[in-house]
Amino acid sequence: MLQIENLTKVFRTDEIETHALSGVSLNIKEGEFVAIMGPSGCGKSTLLNIVGLLDNPTQGKLIFDGEEVARLSDRQRTIFRRGRVGFVFQSFNLVEELTVFENVELPMLYLKLSASERKQRVNEVLTRLKIAHRAKHFPKQLSGGQQQRVAIARAVATNPKLILADEPTGNLDSKHGQEVMELLTELNRSGSTIVMVTHSERDSAYAHRVINLFDGKVVEGL
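The structure presented is a predicted model; accordingly, all values stated were derived computationally and were not measured.

Basis of the calculations
Residues numbered from 1 in each chain as written. Predicted model: local features only at pLDDT ≥ 70, side-chain atom pairs only at ≥ 80, totals over all residues. Heavy atoms only, no water. Helix = DSSP H or I, 4+ residues; strand = E, 2+ residues; numbered from the N terminus. Buried < 20%, exposed > 50% of the residue type's maximum accessible area, 1.4 Å probe, protein only. Contact = heavy atoms within 4.5 Å. Areas by Shrake-Rupley, 256 points an atom, 1.4 Å probe, with all protein chains shown as cover. Lys, Arg positive; Asp, Glu negative; His and termini not counted. Charge placed at Lys NZ, Arg CZ, Asp CG, Glu CD. Phe/Tyr/Trp six-rings, centres within 6.5 Å; stacked < 30°, edge-to-face > 60°. Lys NZ or Arg CZ within 6 Å of the ring centre and 35° of its normal. Polar contact = N/O pair within 3.5 Å; in protein donor to acceptor, adjacent residues only side chain to side chain. Pairing = 2+ DSSP bridges. Arc of directions from axis to C-beta. Axes fitted to C-alpha atoms, helices over the stretch in contact; angles between N-to-C directions. Parallel < 35°, antiparallel > 145°, perpendicular 65-115°, else oblique. Left-handed = near helix turned anticlockwise from the far one by under 90°. Nonpolar A, V, L, I, M, F, W, Y, C, P; charged D, E, K, R; others polar.

This brings us to the overall build of the protein chain. Assigned secondary structure in the protein chain consists of seven helices and 10 strands. Expressed as lengths along the three principal axes of its C-alpha atoms, the size of the protein chain is roughly 50 × 40 × 35 Å. Every one of the 222 residues in the protein chain was classed for burial, and the buried ones make up 50%. A separation threshold of at least 6 residues defines the contact pool for the protein chain, and within that pool the share at least 24 residues apart is 69%. For the protein chain, the exposed surface amounts to about 11,000 Å²; the carbon and sulfur share of it is 47%. Across the protein chain, the centroid of the 28 positively charged side chains sits 6 Å from that of the 27 negatively charged ones.

Of note, Ala-20 is situated in strand β2 (residues 17-28). Note: C-alpha distance between Ala-20 and Glu-5 (15 residues apart in sequence) is 15 Å. What Ala-20 contacts, discounting residues up to four positions off in sequence, is Lys-9, Phe-11, Cys-42, Gly-43, Thr-46 and Gly-216.

The next thing to look at is the packing of aromatic side chains. Inspection of the entire model under this criterion finds two aromatic pairs. Ring plane angle 80° and centroid distance 5.4 Å describe the contact between Phe-64 and Phe-80, whose orientation is recorded as edge-to-face. With Phe-64 in strand β4 (residues 59-64) and Phe-80 in helix α2 (residues 74-81), this pair connects stretches of sequence that are 16 residues apart. Per residue, the accessibility class of Phe-64 equals that of Phe-80, and both read buried. Ring geometry for Phe-87 and Phe-89: centres 5.9 Å apart, planes at 5°, overall stacked. The ring of Phe-80 carries the charged tip of Arg-84 above its face, separated from the ring centre by 3.9 Å.

Of all the eight residues making up helix α1 (residues 44-51), six are buried; the element is thus mostly covered by neighbouring parts of the structure. For α1, the complete set of buried residues consists of Lys-44, Thr-46, Leu-47, Leu-48, Ile-50 and Val-51. Positive backbone phi, at 60°, marks Leu-53, one or two positions downstream of α1.

What follows is about unusual backbone geometry. In this model, Phe-92 sits at a positive phi of 70°, which is unusual for a non-glycine residue. Within the secondary structure layout, Phe-92 lies in the loop between β6 (85-89) and α3 (100-109).

So, on to the side chain of Glu-105. Structurally, Glu-105 can be placed in helix α3. You can call Glu-105 buried: its relative accessible area is 14%. Reaching out from Glu-105, the side chain makes a polar contact with the side chain of Arg-118 at a distance of 2.9 Å. Residues contacting Glu-105, with those up to four places away along its chain left out, are Arg-118 and Val-122.

Turning our attention to the pairing of β6. With respect to burial, β6 is a largely interior element, four of its five residues being buried. Of the strand pairs in this sheet, β6 and strand β7 (residues 162-166) are connected by five bridges, and their pairing is parallel. When the sheet's bridge partners are listed, Val-85 is paired in β7 with Leu-162.

Quick look at α2 now. Among all positions of α2, only Arg-77, Phe-80 and Arg-81 are buried. Across the axial projection of α2, the buried residues extend over an arc of 85°, all falling on one side. Buried residues in α2 make contact with β4, β5 (67-68) and β6. The positive-phi residue at the C-terminal boundary of α2 is Gly-83, with phi of around 80°.

Our next topic: the packing of α3 against helix α5 (residues 144-156). Packing of α3 against α5 leaves a shortest axis separation of 7 Å and a crossing angle of 30°. As the angle between them shows, α3 and α5 are arranged roughly parallel. As α3 packs across α5, the resulting crossing turns out to be right-handed. Where α3 approaches α5, its residues Val-100, Asn-103, Val-104 and Pro-107 are matched on the opposing element by Val-150, Ala-153 and Arg-154. Looking at the contact of α3 with α5 residue by residue, the classes come out as five nonpolar, one polar and one charged.

So, in structure tokens, the structure goes:
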């Protein structure tokens, strides 16, 4: 599904050059659940942003379902990832002014689906993720675990092939963190490919494979 070849990312300013990634190569198969681990500043989130087409690498190849996407423009990346990639963030990133229903519906607005189809999909995913009873509530009325459940619902509402999770339990207590990891595991068993950045050994145990980064390089793949 994903082929990453000799990926390099360099951030430059007038005074300093920072190598966030240095020749990363790895393959991720469809249906895998992969955890990316490593110390702070090792390039984990940078790699996730490139895989999710939020950024381009400085050098190297990124092949997504057979298509080279590393050199797409901002607009081309936006179009390509719609409906293909879902994101789950540590800070939830819900829109406070929108209800749960409206937050989950939001990514579907860009797919030009009819109102009736959007409603059906939102209701289905909220029911599946056991948060339908909160559809008319706003994010501030929810617990942290419920907010992350809504964020996951939003990520999967478009039926993406790939779910990217950046420290998905980082702002949760252990009980709600376990619930989120069990939910991601269930989604993976249903066919979703998941790539997760985490500092947590406990969370990484849910993955099929762990990729360790250090200083922008893959140092071990299990």
